[in-house]
Structure formats: structure tokens, C-alpha cells
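Listed below are the residues making up each chain.
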Amino acid sequence: MPDVDDLKEAKNYAADIPQKSQAFFLKGSGSLDWGMQNRLARIFSPESGRTVMLAIDHGYFQGPTTGLERVDLTILPLVPYADTLMLTRGILRTIIPSATPKSIVLRVSGGTSILKELSDEGLAVDIEESIRLNVCAMAVQVFIGGEHERESILNMTNMVNLGTRYGIPTLAVTAVGKDMVRDARYFRLAARICAELGAHYIKTYYVEKGFETVCASCPVPIVMAGGKKMPELEALTMAFRAVQEGAAGVDMGRNIFQSDAPTAMVQAVRAVVHKNESPAKAFDLYQSLKNQGKR
């Protein structure tokens, strides 16, 4: 029991100073609950408002992708330089150390392979699994204009409903079929539909003409997908243009882990995303780190 007789009277109420509430830094996320905002703040840097996500979930539909044959050897050295990892539960459980401080974005849609129609996905991971794995977001592929468009959209909305119940954000990943035109008009459509139906942020591709309109017309953050492997300077230039035109970061995979010097490349990407480094200077950093043996 406390000694109430000797209890010191508190006097510092600061009654003349109004209590302040700090606005959340991320676009379109100000009305989310505390847990949801806290998870997003582990994905996106509160200082820069951006993220460098390292995408290594390719195996869920195409098996041992080049550069991901041995995730323990090729990816673990890159983890310290990423803000978050986007991956499957299989790789998370078997390879990623549980002591990692990095945030996790878990791939939760799946069900098809490169041998079949990719848009025919379902939800492959339930919400309880996401809670057990302490993830910061759940990624669902959405095939706007695809053969199974409706099913993929409902996969996403189901995950939004479940995630909102437990404070876990949903990332909508816009997939582009081989017969679809990759232009700003398509990506505005895809990103806006996902945002309107509740996705907390969107992963989509960069287009040279009109990408700023894709970002401006989407009420939640957009992260740029890295796409196929390209020369390092081109990849850094694409990342630079994307963030300068409104993207809240990048989700790169092949342009990092298939680079000649992945450790150097991920650091160069960080310089572009978080420090607004020019592509030329970021490429110089890449070359310098590469020459130092940081491959």
C-alpha cells in the first residue's frame, strides 16, 4: 500500500500549455488506428516519408529465381540496407533470423504458377498467420483488366477487412498482363481502384510519361515496382524519377539482387530514395562500393 500521508502533491500540470497531437506523416493515413500507423511507420521512414523495400517473393509463382537460389547466401547480406522485406512465409520462417529489426511485408495471395494463368489467385495465407508472424503489412496481387479481375479485387478487399480488424495494413500490388498497355492511364485506373476499395498503399510500375498523375490521383502512398533487371544506372534513374514525381519509395528485387554488386546497389538505391541523390552520384557510389569489394 502507498504511504498516502507522505504522498507528494503533483503541481506541474502545465495547464497553460495545450496538449499537442502530432499529425501522422504518411499520405492518406491520418485517420488510421494507432497500430496501423505504427506498422506503416516501420515500413516508411518518418524522416524521409519513403521506403526501400526489398522484394524477394518471386518464388511463390516462379520457383528459384536467378539470384534467389540461395536466399541465405545472397539476400541476408542485403537486409541491413533495406527498410523492409517483402517475402513469403516459407522464406521468412526458414531463413530470415527472428531477431531482425526489419519490418516484414508478407505475400498472402497465391495459388498459380508461371505454367498457368497468373491472375487466378486466391488468398493463400490467413490473418492469424500474419498476426503470428508479426508482419507490418500483407501483400495481395490485383489484376485489373485480367481474366480473373473480380476475384483478385475481392481477395484484396477481404484482406483489407481482416487486416483492419487487427491493425495490419494491406498492400495492393498491381499486376499487368502481357497483353495490357503499360501507360499512365492504366496505372491511374488500377491504383485508384485499389485505393478506393481500401488498400493502405499501392505497388505499381513506373512509366516515363505521366507517372506524376498516377501518384497525384491516388489518395494513398505509391511505391514503385522495380520490374525486370536493367543496367544499374538506368535502374537508379528510374528510382530517382519515381520519387521525384511522387512515389513514396521503391520495392525493388531483381534490380538489386541480380546486380553485379547487390550490396553496393541497395546502398545506391537508398541514397536516391532517402537522400534525393542524383542518379549520377548514386551510380558513382555504386561503383565506388563495388570497387571496394562490397558486392
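Below is a short write-up of the structure. Residue numbering note: each chain is counted from 1, following its sequence as written. Local features in a predicted model are, by the rule used here, given only for residues with pLDDT of at least 70; side-chain atom pairs are given and counted only at 80 or more, and totals for whole chains, interfaces and linings are based on all residues. The side-chain quantities take in all heavy atoms of the structure and omit both hydrogens and water.

Quick look at the overall build of the protein now. Helical segments are the DSSP runs of H or I of at least four residues, strand segments are the runs of E of at least two, and each set is numbered from the N terminus. When helices and strands are counted, the protein shows 12 helices and 10 strands. Taking 295 residues into account, the globule formula puts the C-alpha radius of gyration at 19 Å, and the protein, at 21 Å, falls close to it. If one aligns the C-alpha atoms of the protein with their principal axes, the spans along those axes are about 75 × 50 × 40 Å. Working rule for contacts: check all heavy atoms of both residues, and any pair within 4.5 Å makes them a contact. In the protein, once contacts between residues fewer than 6 apart in sequence are set aside, the share between residues at least 24 apart is 67%. If you sum the accessible surface of the protein, you get close to 14900 Å²; carbon and sulfur atoms cover 51% of it. Note that His is not counted, nor are the chain ends; the positive residues are Lys and Arg, and the negative ones are Asp and Glu. Where a charge lies is defined by one atom per residue type: Lys uses NZ, Arg uses CZ, Asp uses CG and Glu uses CD. Taking the average place of the 33 positive charges on the side chains of the protein and the average place of its 32 negative ones, the gap between the two points comes to 4 Å. For the radius of gyration, the atoms used are the C-alpha atoms, and the globule rule reads 2.2 Å times the number of residues raised to 0.38. Accessible areas in this description were obtained via Shrake-Rupley with a 1.4 Å probe; residue shielding takes into account the shown protein chains only.

Now for the packing of aromatic side chains. Each pair of aromatic rings taken from Phe, Tyr and Trp, with Trp reduced to its six-membered ring, is defined by centres within 6.5 Å and is described as stacked if the planes are under 30 degrees apart, edge-to-face if over 60, and tilted in the remaining cases. Tallied over the entire structure, the rule returns seven aromatic pairs. Taken together, a centroid distance of 5.1 Å and an interplanar angle of 70° make the contact between Y60 and F61 edge-to-face. Centre to centre, the rings of F283 and Y286 are 5.8 Å apart; their planes meet at 25°, and the pair counts as stacked. Of this pair, F283 and Y286 both sit in helix α12 (residues 279–291), separated by three residues, roughly a single helical turn. When accessible area is computed with a 1.4 Å probe and restricted to protein chains, residues below 20% of their type maximum are described as buried, those above 50% as exposed, and intermediate ones as partly exposed. A residue is classified by how much of its surface remains accessible, and F283, at 21% relative accessible area, is partly exposed. Here the aromatic cluster, defined as three or more aromatic residues joined through ring pairs, consists of Y186, F187 and Y205. Charges are assigned to positions over rings by a cutoff of 6 Å between ring centre and Lys NZ or Arg CZ, combined with an angular limit of 35 degrees from the ring normal. Here R182 stacks its cationic end above the ring of Y205, 4.3 Å away from the centre of that ring.

One can find A14 in the segment before α1 (34–43). For the pair formed by A14 and S130, sequence separation is 116 residues and the distance between their alpha carbons is 42 Å.

To continue, consider the layout of surface pockets. Over the atoms rolls a probe the size of a water molecule, and its path tells where empty space is left. The calculated volume of the largest pocket comes to roughly 1200 Å³. Elements with a contribution of two residues or more to the lining of the largest pocket: α2 (59–62), β7 (170–174), β8 (201–205) and β10 (249–252). In this classification, the charged set is Asp, Glu, Lys and Arg, the nonpolar set is Ala, Val, Leu, Ile, Met, Phe, Trp, Tyr, Cys and Pro, and all remaining amino acids, among them Gly, are polar. Grouping the constituent residues of the lining of the largest pocket by class yields 17 nonpolar, 12 polar and 13 charged. Only protein atoms enter the 1 Å grid, on which a cavity is a set of points fitting a 1.4 Å probe that cannot get out and a pocket is an open set with protein on both sides within 12 Å along at least 5 of 7 lines, lining residues being those with an atom within 4 Å of a point. Grid points are joined across faces, edges and corners, and a volume is the space filled by probe spheres set on the points. Looking at the second largest pocket, its volume works out to about 210 Å³. Residue lining of the second largest pocket: 14 residues in total, with L92, S98, T100, I104 and L133 positioned closest to the centre. Counting residues per element, the ones that place at least two in the lining of the second largest pocket are α4 (89–94) and β3 (103–107).

All right, on to the pattern of salt bridges then. When a carboxyl oxygen of Asp or Glu lies within 4 Å of a side-chain nitrogen of Lys or Arg, that pair is called a salt bridge. As enumerated under the stated definition, the model contains 10 salt bridges in all. R70 serves as the salt-bridge partner of D72, at 2.7 Å between the closest nitrogen and oxygen. Of the residues examined, D72 reaches a relative accessible area of 30% and is grouped as partly exposed. Judged by relative accessible area, R70 falls into the partly exposed class, the value being 45%.

Here we take up the sheet that holds strand β9 (residues 222–225). When DSSP finds at least two bridges between two strands, those strands are taken to pair. One closed barrel holds the eight strands; their spatial order is β1-β2-β3-β6-β7-β8-β9-β10, and the pairing between them is parallel. On average, adjacent strands in this sheet sit at an angle of 25° to one another, irrespective of strand direction. When β8 meets β9, the two strands line up parallel, connected through four bridges. Each residue of the ladder has a partner; that of I202, found in β9, is I222. Packing of helix α6 (residues 149–166) onto the sheet brings it into contact with β6 (137–142) and β7, and relative to β6 it is tilted by some 165°. An axis is simply a line fitted to the C-alpha atoms; with a helix, the fit covers only the stretch in contact. Between two such axes, the angle follows the N-to-C directions and lies from 0 to 180 degrees.

Patches here are clusters of residues that have more than 30% relative accessible area and form no salt bridge, with a 9 Å joining cutoff for like charges and a 5 Å cutoff for nonpolar side chains (Val, Leu, Ile, Met, Phe, Trp, Tyr). A surface patch of like charges, here negative, comprises E117, D120, E147 and E151. Residue position: E147 is located in the loop between β6 and α6. Residue E147 is classed as exposed on the basis of its relative accessible area, which comes to 60%.

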